[in-house]
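Coordinate inspection notes
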Amino acid sequence: MNIQIFGTKKCFDTKKAERYFKERRVKYQMIDMKEKGMSKGELQSVLKAVGGLDMLIDENAKDQDLIALLKYLTDADKFDKVLENQHIIKTPIVRNGKSAVVGFQPEVWKSWE
């Protein structure tokens with residue numbers, strides 16, 4: 001397993017995801033999206049795994065103007081906007097190779113073991 005957790009230090013579900021893997025002694029890499037964020041390739045890989053950009057957008061994000069704007073953009077423009085403004089992505093995103101899930105989903109992570 002090659003687990004990556006994309007999240008923020010303040011996100012409660014990100015902390016729960018880290019605890020889940022620590023308790024099972026599974027090595028993981030934590031990527032703080034406030035500090036580093038996802039590369040273009042990582043974001044594309046996650047989109048394929050979770051089923052599209054709409055699955056990643058946090059409708060309750062603080063930047064409601066940006067959320068509203070996304071509804072009017074083409075898919076390519078929407079991708080670029082999300083890449084530039086990763087604070088509107090739901091966290092955590094837990095990735096294992098080509099598989100990825102959004103949110104706290106221990107039932108899926110268990111199947112990876």
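A few points on the structure. (Residues numbered from 1 in each chain as written. Predicted model: local features only at pLDDT ≥ 70, side-chain atom pairs only at ≥ 80, totals over all residues. Heavy atoms only, no water.)

1. Looking at the overall build of the protein
Each helix and strand in the protein was counted, giving five helices and four strands. Taken against the 2.2 N^0.38 rule, which gives 13 Å for 113 residues, the C-alpha radius of gyration of the protein at 14 Å falls within 12% of a compact globule. Considered along the principal axes of its C-alpha atoms, the protein spans approximately 45 × 25 × 25 Å. Counted over contacts in the protein with a minimum sequence separation of 6, partners at least 24 positions apart contribute 63%. For the protein, the accessible surface area stands at approximately 7000 Å², while carbon and sulfur atoms represent 48% of it. Here the protein carries 21 positive and 17 negative side-chain charges, and the mean point of each set is 7 Å from the other. (Helix = DSSP H or I, 4+ residues; strand = E, 2+ residues; numbered from the N terminus. Rg over C-alpha atoms; globule rule 2.2 N^0.38 Å. Contact = heavy atoms within 4.5 Å. Areas by Shrake-Rupley, 256 points an atom, 1.4 Å probe, with all protein chains shown as cover. Lys, Arg positive; Asp, Glu negative; His and termini not counted. Charge placed at Lys NZ, Arg CZ, Asp CG, Glu CD.)

2. Thoughts on the packing of aromatic side chains
The geometry of an aromatic ring pair is captured by the separation of the ring centres together with the interplanar angle, meaning the angle of the planes. Counted according to the given criterion, the structure contains five aromatic pairs. Ring centres 5.3 Å apart and planes at 85° place the aromatic pair Phe104 and Trp109 in the edge-to-face group. The rings of Tyr20, Phe21, Tyr28, Phe104 and Trp109 are connected pair by pair, giving a single aromatic cluster. When the ring centre of Tyr20 is taken as origin, the NZ or CZ atom of Arg24, which lies over that ring, is 3.7 Å away. (Phe/Tyr/Trp six-rings, centres within 6.5 Å; stacked < 30°, edge-to-face > 60°. Lys NZ or Arg CZ within 6 Å of the ring centre and 35° of its normal.)

3. A few points about the pairing of strand E2 (residues 28-32)
Direction of pairing for strand E1 (residues 3-7) relative to E2: parallel, over a ladder of five bridges. The residue of E2 that forms the bridge with Ile5 is Met30. Assessed by its sense of winding, the connection that carries the chain from E1 through helix H1 (residues 12-23) to E2 is right-handed. (Pairing = 2+ DSSP bridges. Right-handed = clockwise from strand over helix to strand, strands pointing away.)

4. Observations regarding helix H2 (residues 40-50)
Along H2, the residues that are buried comprise Glu42, Leu43, Val46, Leu47 and Val50. The arc enclosing the buried residues of H2, seen along the axis, measures out at 135°, which places them on a common side. Looking one or two residues past H2, Gly51 carries a phi angle of roughly 100°, positive in sign. (Buried < 20%, exposed > 50% of the residue type's maximum accessible area, 1.4 Å probe, protein only. Arc of directions from axis to C-beta.)

5. Some points on the sheet that holds E2
The sheet built from four strands is open, its strands ordered E2-E1-E3-E4 with mixed pairing. The open sheet is flanked by E2 and strand E4 (99-102), the only strands paired with a single partner. Taking each pair of neighbouring strands and ignoring which way they run, the sheet shows an average axis angle of 15°. With four bridges joining them, E1 and strand E3 (residues 93-96) adopt antiparallel strand pairing. Residue pairing in the sheet places Gln4 in a bridge with Arg95 of E3. Its contacts with the sheet put H2 on E1, E3 and E4, and the angle it makes with E4 is roughly 80°. (Axes fitted to C-alpha atoms, helices over the stretch in contact; angles between N-to-C directions.)

6. With respect to helix H4 (residues 75-84)
All of the buried residues along H4 are Lys78, Phe79 and Val82. Down the axis of H4, the buried side of the element spans an arc of 100°, and every buried residue falls inside it. For H4, the exposed residues set more than 90 degrees away from the buried face come down to Ala76 and Glu84.

7. Concerning the pairing of E1
Looking down a regular strand, the side chains alternate between one sheet face and the other. Counting buried positions along E1 yields five of five residues, so the element is predominantly enclosed. Neither face of E1 is left uncovered, since the one carrying Ile3, Ile5 and Gly7 and the one carrying Gln4 and Phe6 both have all their residues buried.

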